There are 2 protein chains.
Amino acid sequence: MPDTLPPRPLAVPLAKAYRLLNHGPTVLLSAEHGGRRNTMAAAWNMPLDFDPPKVAVVIDKAVFTRGLVEASGRFVLSLPCAAQRSLVDAVGGASGRSLDKEAAFGLRYLAGEAAPAESGGQPLVAGSVAWLACRRLPQPTIEQAHDLFLAEVEAAWADPRVFSNGRWHFDGHDALRTLHHVAGGAYFTPGTMLQG
Amino acid sequence: MPDTLPPRPLAVPLAKAYRLLNHGPTVLLSAEHGGRRNTMAAAWNMPLDFDPPKVAVVIDKAVFTRGLVEASGRFVLSLPCAAQRSLVDAVGGASGRSLDKEAAFGLRYLAGEAAPAESGGQPLVAGSVAWLACRRLPQPTIEQAHDLFLAEVEAAWADPRVFSNGRWHFDGHDALRTLHHVAGGAYFTPGTMLQG
């Protein structure tokens, strides 16, 4: 096996899963239903609770993925990294209603040996640096009025090169830094870590 | 006037206000009611809509500021910067129920000539780099069940040294970079900007 293959994702203890989102990364949101899967970009996400971990995320009425979330009651948040910036722009700029993003953009999901054993075939985006498998907590009123979805995180994983023991450590891995969307395809990556 | 005084905050057009939060900064949330004002730290926040701009933020039941928000129907999100890291830790680690954070930590709010003319005495934290004046959109069910508050942004301002024309530009201003909480008083600041 060439050493350029990424390591298999490692499970993140549920009580530490909020730390994957705490610093404000843009995520890819993927869902699957009836043999169809799709992925959208979602800068508007945040942790909502510690343990059990919950998240909140905005899913616009216009997006194809929303129907897959509503039908399946599940979605995966993948945290894309600097090396995936073009993929995020492409995925975020097109609709799965009219286009197969896997065929069009080379979007791939972890499968076989590369996927965590416990992920059960859920759509974890390959090449990302963390993943949260989520179960929708239906809130019809705010989903309708504000496109706001709440979910419980049932499992989480991270690339151990940049996240372990509940902490991000990007030093020496610039291509694996998370993306923080500013506007119009411009992103910050995390820079200096300040600590006490 | 010594040139170390920060420039007066400049108004951010409402349609661009979401860009203040889009990259995932930790915020300070301040509210005022009946002659009492207080400030808490809130890493869990996100934009919720573009225009009119709305935000979502988690306000725990235990925090003193929540009562001020519920009573007044308003709050201000201030974006603290690297130079304010100790202040954020102090403010986030103590309760306004038992302590006056202004006296204890040197927490200050913009006043007089330093405050934007249109801010009407609302509690904008001095030394921060952007501010969003928010009006609560009451959602009793999710406030109670999930500590989740929704609000409309009625006005926004930023320090023109680091935000103008709808974009952050931190180069040359390391002390003014936003803070992105990792865990336990460790923060990332925005590093490299990637763009197309």
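Small disclaimer: the values here were computed from a predicted structure and weren't measured.

Side note on the relation of the copies chain A and chain B
Superposing chain A onto chain B takes a rotation of 180° plus a shift of 0.0 Å along the axis, which leaves an RMSD of 0.0 Å. In symmetry terms, the pair is related by a two-fold rotation axis.

Some remarks on the UniProt feature "domain: Flavin reductase like" (unreviewed entry) in chain A
Following the UniProt record, the feature "domain: Flavin reductase like" (unreviewed entry) maps to residues 19-170 of chain A here. For the annotated span residues 19-170 of chain A, helix accounts for 19% and strand for 36% of the residues, and the straight-line distance between the end C-alpha atoms is 14 Å.

Quick word on the sheet that holds strand β12 (residues 186-194) of chain A
Reading across from one edge, β11(A)-β12(A)-β12(B)-β11(B) is the order of the four strands in this open sheet, with antiparallel pairing throughout. Edge strands, defined here as strands with exactly one partner in the open sheet, are β11 (180-183) of chain A together with β11 (180-183) of chain B. Sheet twist, expressed as the average angle between the axes of neighbouring strands with direction ignored, equals 45°. Relative to strand β12 (residues 186-194) of chain B, β11 of chain B is paired through three bridges, and the arrangement is antiparallel. The residue bridging His 180 of chain B from the neighbouring strand is Phe 188 of chain B, located in β12 of chain B.

A few points about the packing of aromatic side chains
Scanning the entire structure with this criterion turns up twelve aromatic pairs over all chains. Look at Tyr 18 of chain A and Phe 50 of chain A: their rings are 4.7 Å apart centre to centre, the planes differ by 85°, and that puts the pair in the edge-to-face class. Here Tyr 18 of chain A is found in the loop between β1 (10-11) and β2 (27-33), whereas its partner Phe 50 of chain A is found in strand β4 (residues 45-50), with 32 residues between them in sequence. Measuring from centroid to centroid gives 5.0 Å for Phe 163 of chain B and Trp 168 of chain B, while their planes differ by 75°, and the two rings are edge-to-face. Here Phe 163 of chain B matches Trp 168 of chain B in class, with each residue buried. Feature note: the residues Phe 163, Trp 168 and Phe 170 of chain A together with Phe 188 of chain B constitute an aromatic cluster, connected by ring pairs.

Definitions and limits used
Residues numbered from 1 in each chain as written. Chains lettered and ligands numbered in written order. Predicted model: local features only at pLDDT ≥ 70, side-chain atom pairs only at ≥ 80, totals over all residues. Heavy atoms only, no water. Least-squares fit on C-alpha atoms with pLDDT ≥ 70 in both. UniProt positions renumbered as here; feature names shortened; annotations may be inferred. Helix = DSSP H or I, 4+ residues; strand = E, 2+ residues; numbered from the N terminus. Pairing = 2+ DSSP bridges. Axes fitted to C-alpha atoms, helices over the stretch in contact; angles between N-to-C directions. Phe/Tyr/Trp six-rings, centres within 6.5 Å; stacked < 30°, edge-to-face > 60°. Buried < 20%, exposed > 50% of the residue type's maximum accessible area, 1.4 Å probe, protein only.

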